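Observations on chain architecture
Each chain, letter by letter, is given below.
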Amino acid sequence: MTETLAPRIELPNPLDPEETMSRDELEALQLARLQHVVAYAYDRVPLYREKYDAAGVHPTDLKELADLAGFPFTEKEDLRKTYPFGMFAVPQHEVSRIHASSGTTGRPTVVGYTRQDLDDWAKLVARSLRISGVKPGWKVHNAYGYGLFTGGLGAHAGAERLGATVIPLSGGQTEKQIQMILDFEPDAILATPTYLLTIADAMQRQGIDPRSTSLKVAVLGAEPWTEEMRHELEEMMGIDACDIYGLSEVMGPGVAGESNETKDGSHIWEDHFRPEILDAFDSTKVLGDGEHGELVFTSLTKQALPVIRYRTHDLTRLLPGTARPAHRRMGRITGRSDDMIILRGVNLFPSQIEEIALKVPGLSPHFQLEITRPNRMDELAVKIERREDCDTERGLAAGTELQKAIKINIGSSCRIDVVEPGTLARSSGKLRRIYDLRNK
Ligand code: DLL
């Protein structure tokens with residue numbers, strides 16, 4: 001690298017005042033914002049008014065934070081029913097930007113942002129990147145997809161707000177990504193975990209050591225990933241890998257971000273979002289911190305699309321704040337309730353397979369799950385690549401080991417097909433792990 005003439009100036013990097021509030025101060029702020037946003041949604045969005053009137057609740061019933069539990073939920077279906085703009089709380093000329101979820105089934109869900117919403121979003125992504133160790137003045141390679149998906153533009157604006165130099169690659173074109181990493185020497189990369197794996201894997205195939213690049217930090221999200229995958233990527237690339245969480249209906253990336261120092265789950269930015277955990281089997285029950293269930297969010301400041309008690313279908317738990325004590329953390333997302341495979345009565349998520357497979361020497365993180373129903377009984381096949389340094393014979397033995405470990409840990413019997421390295425589809429964004437062939 002050519003030396004710059006002047007030494008690099010350390011830019012100021014202060015925390016937002018809300019990051020260092022006490023829990024009491026934060027909850028007082030939450031209550032004030034909650035009272036405002038629920039009344040705002042009731043006044044401006046017919047769907048909220050209808051729901052609340054039908055349930056016999058009124059925004060003035062919100063005297064304390066716990067009262068939120070008495071209000072109806074918002075579902076993805078509500079956004080679909082009112083497609084495209086029926087849940088917007090401001091006239092169209094006040095909407096500065098529109099995004100939409102990819103929507104593999106049915107209509108996409110459309111989300112909107114006012115100028116103020118975009119400003120808050122950039123601030124929260126900047127906050128998330130900063131807690132993950134990204135510094136002002138750094139070069140940041142952004143491999144989240146640009147377009148209607150919130151990942152690309154959301155991460156882009158946040159990195160700019162932090163004071164970084166953004167390199168807007170978007171997803172895909174892996175060869176070009178590698179070239180840009182080698183030529184532009186970025187300090188940090190933003191990508192889905194499986195896409196970073198694709199990039200690192202492609203580097204190795206080209207004879208480039210992924211540990212030899214300029215990258216120091218990766219901020220990864222948009223799909224479930226495990227501690228084992230963190231370890232894999234950190235070792236493979238010689239980087240620190242941190243989580244970033246979010247969903248378009250609630251904002252996009254940056255609803256929560258993980259500390260590079262503690263690496264113990266993402267802190268939810270509770271000055272803007274109030275989380276709850278519901279019993280996965282009985283949604284009328286709100287669970288306490290530490291208990292596993294479905295994550296629900298209420299946006300506290302959004303203007304264009306306020307969401308009250310939005311059901312994410314993401315399964316996790318709330319944990320006390322550490323690096324930012326007042327902001328609770330979320331555990332890893334074990335899966336989405338709609339990603340769950342029910343195999344002969346046993347519930348199973350792809351992340352469980354990832355966790356187990358990465359502990360078996362000889363097996364790579366490249367796998368996919370195929371469900372078939374050959375004799376009116378569901379069958380699961382795990383197709384997984386052996387590692388380059390593991391020969392076919394040892395690969396077969398590793399497959400048998402994986403089969404046993406799945407039986408012991410999850411309770412499911414499945415078939416394992418250990419395949420040649422480089423033969424399974426690679427991710428360029430959110431990776432599809434499950435292939436349900438039952439109705440084919
Ligand atoms: O994936 C926003 C995002 C972009 C987050 C870039 C982080 C980085 P959606 O496309 O609406 O938005 O998908 C949201 O993705 O409900 C989770 O199921 C999953 N997800 C997002 N982040 C994580 C994460 C973006 N860190 C859905 N861990 C969410 C696990 C995640 N799952």
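Here, the structure is the one placed above.
The model shown is predicted, which means the values in this text are computed figures rather than measured ones.

With that settled, consider the side chain of Thr 213. Note on placement: Thr 213 falls in the loop between helix H7 (193-205) and strand S6 (217-221). Overall, Thr 213 belongs to the buried group, its relative accessible area being 13%. A distance of 3.2 Å separates a polar side-chain atom of Thr 213 from the backbone nitrogen of Leu 215. Excluding its chain neighbours within four sequence positions, the residues that come into contact with Thr 213 are Ile 181 and Met 203.

This paragraph deals with helix H2 (residues 46-55). Three or more residues of H2 are buried, namely Leu 47, Tyr 48 and Tyr 52. Along H2, the residues classed as buried sweep out an arc of 120° about the axis, all on the same side. Of the exposed residues in H2, the ones pointing more than 90 degrees away from its buried face are Glu 50 and Ala 54. Elements in contact with the buried residues of H2: helix H1 (23-44) and helix H3 (76-81). A positive phi of about 70° marks Gly 56, the residue just after H2.

Time to look at the sheet that holds strand S14 (residues 329-330). Pairing is mixed across the open sheet formed by nine strands, whose spatial order is S4-S3-S5-S6-S7-S8-S9-S14-S13. Of all the strands in the sheet, the pair left with one neighbour each is strand S4 (165-168) and strand S13 (318-319). Where S6 meets strand S7 (residues 240-247), five bridges bridge the pair, whose relative direction is parallel. Looking at S7, one finds that Gly 221 is bridged to Ile 244. Here helix H5 (residues 150-162) sits on the sheet and contacts strand S3 (139-142), S4, strand S5 (188-191) and strand S8 (252-258); the angle it forms with S8, its principal contact strand, is near 60°.

So, on to the nonpolar core. Among the nonpolar cores identified, the biggest contains 68 residues, and Val 134, Tyr 245 and Phe 297 are the most heavily contacted of them. Among the nonpolar cores identified, the runner-up in size contains 24 residues, and Ile 178, Ala 202, Met 203 and Met 237 belong to it.

A few words now on the site of the ligand. Lining the immediate environment of the ligand, one finds 19 residues, of which Asp 243, Ile 244, Ser 248, Asp 314 and Lys 430 sit closest. Here a nitrogen atom of the ligand sits 3.4 Å away from a polar atom, N or O, in the main chain of Pro 224. Residue Ser 248 places a side-chain N or O atom 2.7 Å away from an oxygen atom belonging to the ligand. Calculation on the ligand without its partners gives an accessible area of 610 Å², and the protein chains cover 94% of this total. Elements with a minimum of two residues in the shell around the ligand: H5 and S7. Of the residues forming the shell around the ligand, the biggest block, five residues, is contributed by S7. Class assignment of the residues belonging to the shell around the ligand gives a composition of nine nonpolar, five polar and five charged.

What counts, and at which threshold
- Residues numbered from 1 in each chain as written.
- Predicted model: local features only at pLDDT ≥ 70, side-chain atom pairs only at ≥ 80, totals over all residues.
- Heavy atoms only, no water.
- Helix = DSSP H or I, 4+ residues; strand = E, 2+ residues; numbered from the N terminus.
- Buried < 20%, exposed > 50% of the residue type's maximum accessible area, 1.4 Å probe, protein only.
- Polar contact = N/O pair within 3.5 Å; in protein donor to acceptor, adjacent residues only side chain to side chain.
- Contact = heavy atoms within 4.5 Å.
- Arc of directions from axis to C-beta.
- Pairing = 2+ DSSP bridges.
- Axes fitted to C-alpha atoms, helices over the stretch in contact; angles between N-to-C directions.
- Core = buried A, V, L, I, M, F, W, Y, C linked by side-chain atoms within 4.5 Å.
- Near = heavy atom within 4 Å.
- Areas by Shrake-Rupley, 256 points an atom, 1.4 Å probe, with all protein chains shown as cover.
- Nonpolar A, V, L, I, M, F, W, Y, C, P; charged D, E, K, R; others polar.

Such coordinate-based values are descriptive only and should not be taken to indicate function.
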